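The chain contents come next:
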Amino acid sequence: MSNTSLTPGVVPGRLAAEAYARNFADAAPRLGRHEAMVAADRCYFCFDAPCTTACPTSIDIPLFIRQIATGTPDAAAKTIFAQNIMGGMCARVCPTETLCEEACVREAAEGKPVEIGRLQRYATDGLMAQAGHPFTRAAATGKSVAVVGAGPAGLACAHRLAMKGHAVQVYDARPKPGGLNEYGLATYKTADDFAQAEVDWLLRIGGITLHQGVSLGREVALADLRASHDAVFLGVGLAGVNGLRVPGEDLKNVRNAVDFIAELRQAGDYSSLPVGRDVVVIGGGMTAVDAAVQARLLGAETVTIVYRRGQEKMSASGYEQNHATSSGVRIICNAAPVALHGTGAVTEVEFAHTVDEPGGLRLTDQTFRLAADQVFKAIGQSLVGAPEGLALQAGKIVVDAAGRTTLPGIWAGGDCATGGEDLTVTAVAQGRDAAEDIHASIS
Amino acid sequence: MANLASTFIGIKSPNPFWLASAPPTDKAYNVERAFEAGWGGVVWKTLGLDGPPVVNVSGPRYGAIWGADRRLLGLNNIELITDRPLQVNLDEIKAVKRKWRDRALVISLMVPCDEESWKGILARIEDTEADGVELNFGCPHGMAERGMGSAVGQVPEYIEMVTRWVKQHSRMPCIVKLTPNISDIRKPAEAAKRGGADAVSLINTINSITSVNLDDFAPEPMIDGKGTHGGYCGPAVKPIALNMVAEIARHPATRGLPISGIGGVSTWRDAAEFMALGAGNVQVCTAVMTYGFKIVSEMISGLSDYMDRKGFASVDDLVGRAVPNVTDWQFLNLNYVTKAQIDQTSCIKCGRCHIACEDTSHQAIAVSPERVFTVKDEDCVACNLCVDVCPVENCITMVPLAKGSVDPRTGRRVGDYGNWTTHPNNPSVAAE
Ligand SMILES: Cc1cc2nc3c(=O)[nH]c(=O)nc-3n(C[C@H](O)[C@H](O)[C@H](O)COP(=O)(O)OP(=O)(O)OC[C@H]3O[C@@H](n4cnc5c(N)ncnc54)[C@H](O)[C@@H]3O)c2cc1C
Ligand SMILES: Cc1cc2nc3c(=O)[nH]c(=O)nc-3n(C[C@H](O)[C@H](O)[C@H](O)COP(=O)(O)O)c2cc1C
Ligand code: SF4
Ligand code: SF4
Ligand code: SF4
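Residues numbered from 1 in each chain as written. Chains lettered and ligands numbered in written order. Predicted model: local features only at pLDDT ≥ 70, side-chain atom pairs only at ≥ 80, totals over all residues. Heavy atoms only, no water.

Next up on the list: the site of ligand 2. Residue and element names in this part refer to chain B. Near ligand 2 you find 22 residues, and of these Ser21, Thr46, Lys177, Gly264 and Thr286 are the closest. One of the side-chain nitrogen or oxygen atoms of asparagine 204 is found 3.5 Å away from an oxygen atom of ligand 2. When ligand 2 sits alone it has 610 Å² of accessible area, and the protein chains cover 99% of it. Classifying every residue of the shell around ligand 2 gives nine nonpolar, 10 polar and three charged. (Near = heavy atom within 4 Å. Polar contact = N/O pair within 3.5 Å; in protein donor to acceptor, adjacent residues only side chain to side chain. Areas by Shrake-Rupley, 256 points an atom, 1.4 Å probe, with all protein chains shown as cover. Nonpolar A, V, L, I, M, F, W, Y, C, P; charged D, E, K, R; others polar.)

Written out as structure tokens, the structure reads:
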């Protein structure tokens, strides 16, 4: 190990081999049987359960927890998958503290919700480790549907359509399927190549053909897809990244956080990944937190998240923020970048303190500088290359509750479409619901 | 998904899960909600004579026992039979049965102990198209003082007599519901069979006082300063019910008499246990009163999974499967020797096994200065107490000694099957 956390610049190998293994191991491993039983025992089997209402895919949480409690975790898994075919990934990555667990009546009563996410993982991991698949395809209908994007929205849509007996062709620009499950989510939430394992498991339903490396607008046009299929679903996510639009953005070692994260997810060997000594992350969402925490896990000496508004407005949950700070990340709020400095490579970022006023955010003339040999931009992603003719609103494809776009025969869901938060679980819900509507309209 | 369809004394239902005669089955509103949730059948809340309906207390009807996290473990009630007019019930029963042809609907009855009363009520229910009747000889409070319910159920001759009247005056299948408030459950079951019953169902509730108010000095539930004994039910009564079901299932005089198992059934597993001990189906009351009708989803998925795992084609493959293995103490193998064994990797060193054995059993668990707990085979009598008090499941297991090996406690070799009836210490053996 030639480098340490103190080595200046952006260099690989800051840590010992064991440290990498430890840092990127499964953050919250599967509960043991006894732990699961104790956790399940706390559920009250609520009427019209608030946790279920809070789940974007409406999983019957009291039922699946009771099934765990009565010693039938496989039945619990089926209850989960019936609503959410990516229940395995969602169990790992859902911000449960703002979804089901926030709504749990025991959160209100005791500040300690039933551990729904971990119980969900307990059940789904168990069933997914077994041979076979919990669902079977209906008889082939002879209909075919094109799904663009193999992220959670596209795959959830494809699975539901395949289950109904339709033939599904999935087109995705990237080399591997999974979307941000494969290229985005934090490494320690998706250990042991779970994203690919989940895709393989999901495809066991049959009737789905993946075409990786095929981009809509490049290798294939919407008109062709419409002509050759009975329906088209767009689940292309947000492929673009918002820029800072301040001087110095082009300096070396100033990067998009999502690219850094994608690289991490694809890295076989974490010690080969270069990371700065002093890292600054600009943004306030999950991407900012994931980039910052993982920079620390790679051995960065100081990592600072700088967010332009107040802490309460950060879209990363309180839980995520705590995770960041307990990983040694400093969070500075109410400061916006005004310039990046350096010759060739970045060395400093200059910020202005801000005031959040009714009229908007105002930069004050009080500024400060942070040393930075690496800067990650995490101020949001945007939709790029949306096919022409689709109505957009605030940068997203306009859809109705059933996922219909303004063009007949075309549905959309997930991050690229309006409605709901940009979360894995929301994408799954929208993909599934669009599939139901597609099924109803082509059958 | 296994086939859960059930036929009990000719009555068909899509699954063997029925609701017991109680508040959950007191009116069409509840029963239809239950059917919508997936229950296979119901026994309608007990009907009485026409005329002014019974009157319930208007204070609390229930007492309860809870676990530490307020899980309801046992419920006690002082409710009577239906307090709604007979005709209203009959009209609703008829309408519900018409609408839900595939579900079982049995009517529970309790009228005074004379032939005219029974003949009369049977005539009244004739055209409801219900699938059968259940004779409530079990209610331990309120009705018993009026010579009905468990007052009948405690006298086998009355059971036989009333059952015979019912079979004489009605073509409906007849289930006799037994009270557990009796010393030998086989006697009323035999009487029911002699009287021509198609089946027995058990248990009804157990006489009980759940708690005493230590400020007002009265039993709970307290009605204006006084309390009375009520009927106990819920998870706490399951072991008592299981034994009574097994006793009837294996008793030569009642073997083969269909049984509907009741008492503390809350999960698929409880139901499967009752069925393995000979119950053709089960009835549930307290569990739905605690959690609502939706729990049947878990019972359906759980039993189905279990049957798939076991390769059972129908519920009949399960019914009675454990009955041949229920025996009397005297036939247990006294040459079967086991020793407790502690898995040190899962032991959390709480010491509960040690103190239980040390203070109250056979001083067979040693503790080292490093808090390592080990079983002394030479002292372990294999009572199983340590297993039951250990907080870690499967940490302590009972490991059988191989045949031919020496038991370090007795110095004797483990031999072939041998029971008390032939044991040298048995005085009646020595006498021969
Ligand atoms: C760093 C990061 C961390 C996150 N962490 C969490 C988290 O912990 N929990 C959580 O719930 N959510 C998290 N999210 C959000 C979550 O990942 C997304 O909401 C979710 O993946 C959206 O799913 P999707 O299917 O709509 O889009 P994506 O997952 O983005 O998938 C879109 C797919 O479409 C393909 N595609 C794009 N354009 C084209 C085209 N023109 N032609 C063909 N294919 C195309 C892409 O290759 C991709 O495979 C995170 C996001 C990021 C960026
Ligand atoms: C409030 C209450 C009322 C009951 N009323 C009747 C009744 O009218 N007729 C009857 O046969 N059993 C009655 N029972 C007994 C139940 O049908 C059942 O036998 C008993 O509760 C045991 O089952 P469980 O442990 O599932 O509750 C009643 C039980 C309760 C709790
Ligand atoms: S809100 Fe909490 S206690 Fe109630 S059903 Fe959901 S997980 Fe269980
Ligand atoms: S359960 Fe309903 S009827 Fe009974 S006391 Fe409560 S509110 Fe009243
Ligand atoms: S009771 Fe169980 S966990 Fe506790 S010391 Fe004994 S063996 Fe170990």
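On we go.
Before going further, it helps to examine the site of ligand 5. Taken together, Ile342, Cys347, Ile348, Lys349, Cys350, Gly351, Cys353, Phe373, Cys390, Pro391, Cys395 and Ile396 of chain B are the residues near ligand 5. Residues of the shell around ligand 5, tallied by class, amount to 10 nonpolar, one polar and one charged.

What follows concerns the interface of chain A and chain B. Facing the 18 residues of chain A at the interface are 15 residues of chain B. Together, the buried faces of chain A and chain B total about 1400 Å²; carbon and sulfur atoms form 44% of this surface. Three residues, Phe45, Arg66 and Thr70 of chain A, lead the burial of chain A against chain B; their summed loss comes to 38% of the area buried on that side. Taken together, the links from chain A to chain B amount to six salt bridges. (Contact = heavy atoms within 4.5 Å. Buried area = accessible area lost by both parts, 1.4 Å probe. Salt bridge = Lys/Arg side-chain N within 4 Å of Asp/Glu carboxyl O.)

Soluble, globular proteins show a tendency: their nonpolar side chains are buried together. With 84 residues, the main nonpolar core has Trp39, Trp118, Val176, Leu202 and Leu303 of chain B as its most contacted residues. Judged by nonpolar contacts, the second largest core, of 60 residues, contains Ala39, Ile68, Ala77 and Leu119 of chain A. (Core = buried A, V, L, I, M, F, W, Y, C linked by side-chain atoms within 4.5 Å. Buried < 20%, exposed > 50% of the residue type's maximum accessible area, 1.4 Å probe, protein only.)

Turning our eyes to something else, we now look at the packing of helix α5 (residues 73-83) of chain A against helix α9 (residues 116-128) of chain A. All names here are of chain A. Remark: α5 packs on α9, axes separated minimally by 8 Å, with the N-to-C direction vectors making an angle of 100 degrees. With respect to α9, the element α5 is oriented roughly perpendicular. Where α5 approaches α9, its residues Pro73, Asp74, Ala76, Ala77, Lys78, Ile80 and Phe81 are matched on the opposing element by Gln120, Tyr122, Ala123, Thr124, Gly126, Leu127 and Met128. Looking at side-chain class alone, the contact of α5 with α9 contains nine nonpolar, three polar and two charged residues. (Axes fitted to C-alpha atoms, helices over the stretch in contact; angles between N-to-C directions. Helix = DSSP H or I, 4+ residues; strand = E, 2+ residues; numbered from the N terminus. Parallel < 35°, antiparallel > 145°, perpendicular 65-115°, else oblique.)

Turning next to unusual backbone geometry. Trans peptide bonds make up the majority, and among non-glycine residues the majority have a negative phi. All names here are of chain B. Between leucine 202 and the following residue, isoleucine 203, the backbone shows a cis peptide bond with an omega angle of 15 degrees. With respect to the helices, strands and loops of the structure, isoleucine 203 is situated in the loop between β10 (199-202) and β11 (206-208). The omega angle of the peptide bond from glutamate 220 to proline 221 is -5 degrees, so this bond is cis rather than trans. With respect to the helices and strands, proline 221 occurs in the loop between β13 (218-220) and β14 (230-233). Here glutamate 129, not a glycine, exhibits a phi torsion of approximately 65 degrees, which is positive. Glutamate 129 gets classed as partly exposed once you look at its relative accessible area, which sits at 33%. Look at glutamine 363: it is not a glycine, yet its phi comes out positive at around 50 degrees. Inspection of the secondary structure puts glutamine 363 in the loop between α11 (352-360) and β18 (365-367).

All names here are of chain A. Side chains of strand β4 (residues 231-234) alternate between two faces, with Ala231 and Phe233 and Val232 and Leu234 buried alike. Both strand β1 (residues 144-148) and β4 contribute to a ladder of four bridges, which runs parallel. Its bridge partner being in β4, alanine 146 is matched across the sheet by valine 232. In the sheet, β4 pairs with strand β17 (residues 410-412) via three bridges, with the strands oriented parallel. Residue pairing in the sheet places phenylalanine 233 in a bridge with tryptophan 411 of β17. (Pairing = 2+ DSSP bridges.)

On to the side chain of serine 117 of chain B, then. Examined against the element boundaries, serine 117 of chain B turns out to sit in helix α3 (residues 115-125). Beyond its immediate chain neighbours, meaning those up to four positions away, serine 117 of chain B contacts Leu49, Val111 and Pro112 of chain B.

Take helix α16 (residues 318-326) of chain A next. Residues and elements named next belong to chain A. Every buried residue belonging to α16 is among Glu320, Gln321 and Ala324, and all of these are buried. Each buried residue of α16 lies within a common arc of 100 degrees when the element is viewed along its axis, so the set occupies one face. When the buried face of α16 is taken as reference, the exposed residues oriented beyond 90 degrees from it are Tyr319 and Ser326. Where α16 is buried, its residues contact α15 (286-297) and β9 (329-332). Backbone geometry just downstream of α16 places glycine 328 in the positive-phi region, at approximately 90 degrees. (Arc of directions from axis to C-beta.)

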